[in-house]
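Single-letter residue listing:
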Amino acid sequence: MNYHIYLQVAFLPSIPDTGPIRRWPSYKSIISFGDSLADTGNLVTLIQPKLPPSALPPYGQTGRFSDGRLVIDFIAENFGLPFVPPYFGAARNEHLKSSLILTGEIGGNDFNHAFIQGIRPDVVRRLVPDVINVISSAILELIKFGGVTVLVPGNFPIGCLPIHLTRFQTSNEQDYDSSGCLTWLNEFSESYNGMLIEELNRIQRLHPSANIVYADYYQAAIPFLRSPRQSETAYCLISKADLDGLRTIRRLEIPCS
């Protein structure tokens, strides 16, 4: 079975590419591999006595890189499972076969850091096959050890990220889409996501008894950009000064609570 998942604020039910809608299996736990989008407190434990950003304000309450919940928390809530505890310092008795395995989002930091450092887009694109190969190898290894359902997120529309809008700000209106995002960076994400989906389809054909699930983080982020007033809390920690010059949210005038 191959699923294509669309996420919007909360985790919505899966929609198969073809055929009738199927119910999700019953999972006993979630096993998550990833970075700051999925870490519920591991980094705080691993680098003691140093304090990572996730241990400092405005974070610091749960070890998450967020003042609230992460995507993984909404996924757990949707399946009626407790929030995922950090692996280090917690009981390690999860079983792959009965768990929903989340891999990522992986690769985003590699691409973002490269762009911010001024590396040419054509050079960054050469990283894509390597990133996808790493993800693919991890999935195959998980299946080998008994994993059945693997949820693999794609990349966000990075052309909408404030850090890139600031770093690559230009007066050329043609470089931006209707939402005020940098077109060339979003096209990079779209290309990467397309290649990732192709690889996931290949793995699914090799292992038809497994459930390889693509989570569309790209489309999930679009409603926040097109209707920011419908998602006030997404921007609450951004001060008005920070909004100046950021094209997608500079006209947002929502007070923080």
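What counts and what doesn't
Residues numbered from 1 in each chain as written. Predicted model: local features only at pLDDT ≥ 70, side-chain atom pairs only at ≥ 80, totals over all residues. Heavy atoms only, no water. Helix = DSSP H or I, 4+ residues; strand = E, 2+ residues; numbered from the N terminus. Buried < 20%, exposed > 50% of the residue type's maximum accessible area, 1.4 Å probe, protein only. Contact = heavy atoms within 4.5 Å. Areas by Shrake-Rupley, 256 points an atom, 1.4 Å probe, with all protein chains shown as cover. Expected span 1.5 Å × (residues − 1). Arc of directions from axis to C-beta. pLDDT = per-residue confidence, 0-100. Phe/Tyr/Trp six-rings, centres within 6.5 Å; stacked < 30°, edge-to-face > 60°. Salt bridge = Lys/Arg side-chain N within 4 Å of Asp/Glu carboxyl O. Pairing = 2+ DSSP bridges. Core = buried A, V, L, I, M, F, W, Y, C linked by side-chain atoms within 4.5 Å.

The next point concerns the overall build of the protein chain. Tallying secondary structure elements over the protein chain gives nine helices and seven strands in all. Across the 257 residues of the protein chain, 42% fall into the buried class. Across the protein chain, contacts joining residues at least 24 apart in sequence account for 69% of those joining residues at least 6 apart. Of the accessible surface of the protein chain, which amounts to about 14,200 Å², a share of 55% is contributed by carbon and sulfur atoms.

The next point concerns helix α5 (residues 127-144). In a regular helix each residue adds 1.5 Å, so 18 residues correspond to 26 Å; α5 covers 26 Å between its end C-alpha atoms and thus fits that length. Among the residues of α5, those classed as buried are Val128, Val131, Ile132, Ile135, Ser136, Ile139, Leu142 and Ile143. One face of α5 carries all of its buried residues, which in axial projection span an arc of 135°. Residues of α5 that are exposed and point more than 90 degrees away from the buried face comprise Val134 and Lys144. Count one or two residues on from α5 and you reach Gly146, which has phi positive near 110°.

Moving on: the confidence of the model for the protein chain. For the protein chain, the mean per-residue pLDDT works out to 75, and 71% of the residues sit at or above 70. Predicted confidence in the protein chain is weakest over strand β2 (residues 10-11), with a mean pLDDT of 31, and strongest over helix α7 (residues 183-206), with 96. In this model, residues 1-22 is a region of pLDDT below 50 whose contacts with residues beyond four sequence positions or in other chains number 57 contacts. Across residues 89-93 the pLDDT falls below 50, and counting only partners more than four positions away or on other chains, this stretch makes two contacts in the model.

Summed over the entire model, instances satisfying the criterion amount to six aromatic pairs. A ring pair is formed by Phe111 and Phe188, whose centres lie 5.0 Å apart and whose planes are at 80°; its orientation type is edge-to-face. With Phe111 in helix α3 (residues 108-116) and Phe188 in helix α7, the pair connects residues that are 77 residues apart, well separated along the chain. Measuring from ring centre to ring centre gives 5.2 Å for Phe111 and Tyr192, while their planes differ by 70°; the resulting arrangement is edge-to-face. With Phe111 in helix α3 and Tyr192 in helix α7, the pair connects residues that are 81 residues apart, well separated along the chain. The same class applies to Phe111 and to Tyr192, which are both buried.

Where charged atoms from two side chains of opposite charge approach closely, those side chains can pair. As enumerated under the stated definition, the model contains three salt bridges in all. In this structure, Glu199 and Arg202 form a salt bridge, with 2.7 Å as the shortest nitrogen-oxygen distance. In this pair, Glu199 and Arg202 are both assigned in helix α7, three residues apart and thus about one turn of the helix distant. Each of Arg120, Asp122 and Arg126 takes part in one network of salt bridges that share partners.

Here strand β5 (residues 99-103) lies mainly inside the structure; five of its five residues are buried. Neither face of β5 is open: one carries Ser99, Ile101 and Thr103, the other Leu100 and Leu102, and all of them are buried. Where strand β4 (residues 29-33) lies against β5, five bridges are found, and the strand directions are parallel. In the sheet register, Ser32 faces β5, and the bridge partner there is Leu102. Both β5 and strand β6 (residues 149-153) contribute to a ladder of three bridges, which runs parallel. By the bridge assignment for β6, Leu102 is matched with Leu151.

Counting residues in each nonpolar core, the largest one holds 28 residues, and the members touching the most others are Phe111, Phe115, Ile139, Tyr192, Leu196 and Ile212. Here this core gets seven residues from one element, more than from any other, and that element is α5. Sequence-distant contacts of Ile139, that is, excluding residues within four places in its chain, are made with Val150, Val152, Leu200, Ile203 and Ile212. Formed by 15 residues, the second largest nonpolar core is a distinct cluster that contains Tyr27, Leu70, Ile72 and Leu81.

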